[in-house]
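Each chain, written out:
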Amino acid sequence: MTAHTAIRHNALLGKPVAEEITRSVAQGVKELAGQGWPVKLVSITIGDVPAVSLYVRNQARGAEKAGILFEERNLPSTVSRVEMLGLLQALNTDPRVTGVIIQRPVPSHLDIRELQTAVHPLKDVEGMHPASIGNIVYRDTSLAPCTAAASVELLKRTGLRLEGLEVVVIGHSEIVGKPIAFLLMAEGATVTVCHHMTRNLAVHSRAADAIFVAVGKPRFITPNMIKPGAAVIDIGINQIEEGGRHITVGDVDYEACAETAGWITPVPGGVGPVTVSILMRNALTAAQAQKRYYDQVFGGKSESLVNVAPAE
């Protein structure tokens, strides 16, 4: 059950942004398919994790809306490292597969970083390959991590000029906090990254024109930590029990902070929907890049490759 939060006039809602992105992606996917290059994602789930099933369903729905083929592969939790690396290599060399998604978490005997690195950079629709992360440093943000890119996309929708904007990112994880900082720096923002070792956090956050929060602590950010009129992007998703029911809340105290913030994302309904649409945008970008590569290598005859089965 989700919280019945009253949506404020200054709410940054994810649904309309996601719908706009998905419409644009669908057009690109249609054009690419017309050139004999359909976009296809393969989702890999290892073991039985109920929370992952929800993510996969949302991704499948997003793919359907964008006209993208979506295949689910469910592997047992006992799958070995060698078997996983072999599967990923097979997907890398299959021209009919244009994107690979490895659902988190994975069993403890597998290294998610190793698996993500094994995905070919041109098929890294999650934007988590070291090459994709590294490209952001050089201001190539074409395949950025989905949640990070979705968060920055919502900040752009405020109309604030990102060049020189004072931004504080609270949380420095490899998949959210750090990529957000790199993406914002690529846009010319002045970025401070805070985390659990930061002293006087509120001193930093109160000076910011925009804050991004991804710490996994329910309602961690309170109004006294926000500069009046600032944009607040809440990336947290926390399940808590309140009033005898289970609800979903973010890392920001939405009701209280909405009175102070200029813009604020609700949870749920903020970053989440945009993340799925960014994944689909990445899928299109990856497929376009692969087609360009095959055109260069095979002299413009890439359309013949999509109907060729990979070697067994």
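Residues numbered from 1 in each chain as written. Predicted model: local features only at pLDDT ≥ 70, side-chain atom pairs only at ≥ 80, totals over all residues. Heavy atoms only, no water.

> Go over the overall build of the chain, please, and point to the residues and values.
Along the backbone of the chain there are 10 helices and 10 strands. On C-alpha atoms alone, the chain measures out to a radius of gyration of 20 Å, which is about the 20 Å that the 2.2 N^0.38 rule sets for 312 residues. Counting only C-alpha atoms and orienting by the principal axes, one finds that the chain spans roughly 60 × 40 × 35 Å. Here the chain, with 312 residues, has 46% of them falling under the buried criterion. Expressed as a percentage of contacts within the chain between residues at least 6 apart in sequence, the contacts between residues at least 24 apart total 72%. Surface accessibility of the chain: about 15000 Å² in total, with carbon and sulfur atoms responsible for 54%. Of the side chains in the chain, 29 bear a positive and 30 a negative charge, and the two mean positions are spaced by 2 Å. (Helix = DSSP H or I, 4+ residues; strand = E, 2+ residues; numbered from the N terminus. Rg over C-alpha atoms; globule rule 2.2 N^0.38 Å. Buried < 20%, exposed > 50% of the residue type's maximum accessible area, 1.4 Å probe, protein only. Contact = heavy atoms within 4.5 Å. Areas by Shrake-Rupley, 256 points an atom, 1.4 Å probe, with all protein chains shown as cover. Lys, Arg positive; Asp, Glu negative; His and termini not counted. Charge placed at Lys NZ, Arg CZ, Asp CG, Glu CD.)

> Report on a positive patch on the surface, specifying residues and quantitative values.
There is a patch of like positive charges on the surface, built from Lys15, Arg57, Arg61 and Lys65. With three residues, helix α2 (residues 50-66) is the single largest residue contributor to the positive patch. For Lys15, the location among the structural elements is in helix α1 (residues 14-34). (Patch = residues over 30% accessible without salt bridge, like charges linked within 9 Å, V, L, I, M, F, W, Y side chains within 5 Å. Salt bridge = Lys/Arg side-chain N within 4 Å of Asp/Glu carboxyl O.)

> Give me the pairing of strand β6 (residues 210-213): which residues, what numbers.
Burial along β6 is two-sided: the face carrying Ala210 and Phe212 and the face carrying Ile211 and Val213 are both buried. In the sheet, strand β4 (residues 166-170) pairs with β6 via four bridges, with the strands oriented parallel. Opposite Val169, over in β6, you have Phe212 as the bridge partner. By the bridge criterion, four bridges tie β6 to strand β7 (residues 231-234) in an arrangement that is parallel. Note on β7: the bridge partner recorded for Val213 is Asp234. (Pairing = 2+ DSSP bridges.)

> An account of the sheet that holds β6 is needed here, citing residue identities and associated values.
Strand order in the open sheet formed by five strands is β5-β4-β6-β7-β10, and the pairing between neighbours is parallel. In this open sheet, the two edge strands, each paired with only one partner strand, are β5 (190-194) and β10 (263-264). Pairing of β7 with β10 involves two bridges; the strand directions are parallel. Bridge pairing in β10 places Val232 opposite Ile264.

> So what about the layout of surface pockets? Which residues, and what values?
Picture a little ball the size of a water molecule; that probe, rolled over the atoms, points out where space is still empty. Within this model, the second largest pocket holds a volume of roughly 300 Å³. Forming the walls of the second largest pocket are 13 residues, and the residues nearest its centre are Arg113, Met128, Ile133, Glu174 and Ile175. Elements with a minimum of two residues in the lining of the second largest pocket: α4 (112-118), α5 (130-137) and α7 (177-186). Here the residues of the lining of the second largest pocket are counted per class, giving seven nonpolar, two polar and four charged. (1 Å grid on protein atoms, 1.4 Å probe; cavity = no way out; pocket = protein on both sides within 12 Å on 5 of 7 lines; lining within 4 Å. Points joined across faces, edges and corners; volume = space filled by probe spheres on them. Nonpolar A, V, L, I, M, F, W, Y, C, P; charged D, E, K, R; others polar.)

> Quick one: what's the story with the sheet that holds strand β3 (residues 99-102), residue by residue and with numbers?
Read across the open sheet, the three strands follow the order β2-β1-β3; overall the sheet is parallel. At either end of the open sheet lies a strand with only one pairing partner, and these are β2 (69-75) and β3. Adjacent strand axes in the sheet meet at a mean angle of 20° when their direction is disregarded. α2 contacts β1 (40-46), β2 and β3 of the sheet and is inclined by roughly 160° relative to β2. (Axes fitted to C-alpha atoms, helices over the stretch in contact; angles between N-to-C directions.)

> Summarise the environment of Arg73; cite the residues concerned and give the values.
Locating Arg73 in the fold gives a position in strand β2. Separated by 28 residues in the primary sequence, Arg73 and Thr45 place their C-alpha atoms 6.3 Å from one another. Apart from the residues lying within four places of it in its own chain, the contact partners of Arg73 are Val42, Ser43, Ile44, Thr45, Leu87 and Leu91. For Arg73, the side chain forms a polar contact with the side chain of Glu71, separated by 2.8 Å. (Polar contact = N/O pair within 3.5 Å; in protein donor to acceptor, adjacent residues only side chain to side chain.)

> So, the packing of aromatic side chains: which residues are in play, and what are the values?
Here the distance between the centres and the angle between the planes together describe a pair of aromatic rings. Going through the model one piece at a time under the given rule, you end up with three aromatic pairs. Between Trp37 and Tyr294, the ring centres sit 5.4 Å apart and the planes meet at 50°, which makes this aromatic pair tilted. Within this pair, whereas Trp37 is found in the loop between α1 and β1, its partner Tyr294 is found in helix α10 (residues 271-298), the two being separated by 257 residues in sequence. Of the two residues, Trp37 and Tyr294, neither departs from the other in class, the shared state being buried. Seen from their ring centres, Tyr293 and Tyr294 are 5.7 Å apart, and the 75° between their planes marks the pair as edge-to-face. Through successive ring pairs, a cluster of aromatic residues spans Trp37, Tyr293, Tyr294 and Phe298. (Phe/Tyr/Trp six-rings, centres within 6.5 Å; stacked < 30°, edge-to-face > 60°.)

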